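So the chains spell out like this:
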Amino acid sequence: DALMARASRAVEDARRREAHARGRVLIDMEGLKAALEYGQKCKQDGLIEWQRGNAQEALASWRQGDETLRRFRAPAHCVDENDMIFE
(Lines give C-alpha, C1' and ligand atoms only; values in the text may rest on other atoms or scores of the structure.)
Protein backbone atom coordinates (compact mmCIF):
# COMPACT_ATOMS: atom_id res chain seq x y z
CA ASP A 1 0.00 0.00 0.00
CA ALA A 2 2.83 2.41 0.75
CA LEU A 3 4.33 1.74 -2.67
CA MET A 4 0.98 2.39 -4.34
CA ALA A 5 0.53 5.65 -2.40
CA ARG A 6 4.00 6.82 -3.41
CA ALA A 7 3.32 5.96 -7.05
CA SER A 8 0.00 7.83 -6.94
CA ARG A 9 1.71 10.91 -5.53
CA ALA A 10 4.36 10.76 -8.24
CA VAL A 11 1.71 10.55 -10.96
CA GLU A 12 -0.23 13.43 -9.41
CA ASP A 13 2.93 15.56 -9.16
CA ALA A 14 3.70 14.88 -12.82
CA ARG A 15 0.16 15.85 -13.82
CA ARG A 16 0.37 19.04 -11.80
CA ARG A 17 3.68 20.01 -13.43
CA GLU A 18 2.26 19.35 -16.90
CA ALA A 19 -0.83 21.41 -16.13
CA HIS A 20 1.35 24.30 -15.02
CA ALA A 21 3.52 23.98 -18.10
CA ARG A 22 0.63 24.24 -20.55
CA GLY A 23 0.19 27.75 -21.76
CA ARG A 24 3.73 28.74 -20.89
CA VAL A 25 6.23 29.78 -23.53
CA LEU A 26 9.15 27.42 -24.03
CA ILE A 27 12.34 29.38 -23.35
CA ASP A 28 16.03 28.58 -23.89
CA MET A 29 18.47 28.39 -21.00
CA GLU A 30 19.87 31.89 -21.57
CA GLY A 31 16.39 33.39 -21.46
CA LEU A 32 15.50 31.25 -18.47
CA LYS A 33 18.56 32.53 -16.63
CA ALA A 34 17.57 36.12 -17.33
CA ALA A 35 13.97 35.50 -16.22
CA LEU A 36 15.08 33.81 -12.98
CA GLU A 37 17.53 36.63 -12.22
CA TYR A 38 14.80 39.21 -12.77
CA GLY A 39 12.42 37.24 -10.55
CA GLN A 40 15.08 37.12 -7.83
CA LYS A 41 15.61 40.88 -8.13
CA CYS A 42 11.87 41.49 -7.75
CA LYS A 43 11.81 39.23 -4.70
CA GLN A 44 14.71 41.11 -3.08
CA ASP A 45 13.21 44.51 -3.93
CA GLY A 46 9.92 43.42 -2.39
CA LEU A 47 11.67 42.29 0.77
CA ILE A 48 13.45 45.64 1.08
CA GLU A 49 10.15 47.49 0.67
CA TRP A 50 8.51 45.20 3.22
CA GLN A 51 11.25 45.94 5.76
CA ARG A 52 10.71 49.67 5.17
CA GLY A 53 7.02 49.21 5.92
CA ASN A 54 5.81 49.72 2.36
CA ALA A 55 3.49 46.72 2.07
CA GLN A 56 1.85 47.87 -1.18
CA GLU A 57 5.19 48.41 -2.91
CA ALA A 58 6.44 45.04 -1.68
CA LEU A 59 3.34 43.27 -2.99
CA ALA A 60 3.62 45.05 -6.34
CA SER A 61 7.24 43.97 -6.70
CA TRP A 62 6.48 40.35 -5.79
CA ARG A 63 3.57 40.26 -8.23
CA GLN A 64 5.74 41.67 -11.01
CA GLY A 65 8.31 38.91 -10.49
CA ASP A 66 5.59 36.24 -10.36
CA GLU A 67 3.94 37.48 -13.55
CA THR A 68 7.29 37.44 -15.34
CA LEU A 69 8.14 33.87 -14.36
CA ARG A 70 4.60 32.61 -14.89
CA ARG A 71 4.93 33.14 -18.66
CA PHE A 72 7.85 30.79 -19.24
CA ARG A 73 8.89 27.16 -18.96
CA ALA A 74 12.06 25.23 -19.67
CA PRO A 75 12.17 22.16 -21.95
CA ALA A 76 10.49 19.07 -20.49
CA HIS A 77 13.81 17.34 -19.78
CA CYS A 78 14.87 20.23 -17.50
CA VAL A 79 12.93 19.10 -14.45
CA ASP A 80 14.92 21.07 -11.85
CA GLU A 81 14.65 24.30 -13.81
CA ASN A 82 10.90 23.93 -14.26
CA ASP A 83 10.52 23.22 -10.56
CA MET A 84 12.33 26.49 -9.77
CA ILE A 85 9.94 28.41 -12.02
CA PHE A 86 6.83 26.75 -10.62
CA GLU A 87 7.78 27.62 -7.04
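Residues numbered from 1 in each chain as written. Predicted model: local features only at pLDDT ≥ 70, side-chain atom pairs only at ≥ 80, totals over all residues. Heavy atoms only, no water.

(A) View of the pattern of salt bridges. Counted according to the given criterion, the structure contains 4 salt bridges. Two residues, Glu49 and Arg52, come together in a salt bridge whose shortest N-O distance is 3.6 Å. The class for Glu49 is buried, based on a relative accessible area of 18%. Across the pair Asp66 and Arg70 runs a salt bridge, and its minimum N-O distance is 2.3 Å. In this pair, Asp66 and Arg70 both sit in helix α3 (residues 55–70), 4 residues apart, roughly one turn of the helix. (Salt bridge = Lys/Arg side-chain N within 4 Å of Asp/Glu carboxyl O. Buried < 20%, exposed > 50% of the residue type's maximum accessible area, 1.4 Å probe, protein only. Helix = DSSP H or I, 4+ residues; strand = E, 2+ residues; numbered from the N terminus.)

(B) Looking closely at the packing of helix α2 (residues 29–51) against helix α4 (residues 79–86). Viewed as axis vectors pointing N to C, α2 and α4 meet at an angle of 30°, and their least axial separation amounts to 11 Å. It follows that α2 is roughly parallel to α4 by the angle criterion. Between α2 and α4 lies a crossing whose hand is left-handed. In contact with Met29, Leu32 and Leu36 of α2, α4 contributes Glu81, Met84 and Ile85. Its residues assigned to classes, the contact of α2 with α4 shows 5 nonpolar, no polar and 1 charged. (Axes fitted to C-alpha atoms, helices over the stretch in contact; angles between N-to-C directions. Parallel < 35°, antiparallel > 145°, perpendicular 65-115°, else oblique. Left-handed = near helix turned anticlockwise from the far one by under 90°. Contact = heavy atoms within 4.5 Å. Nonpolar A, V, L, I, M, F, W, Y, C, P; charged D, E, K, R; others polar.)

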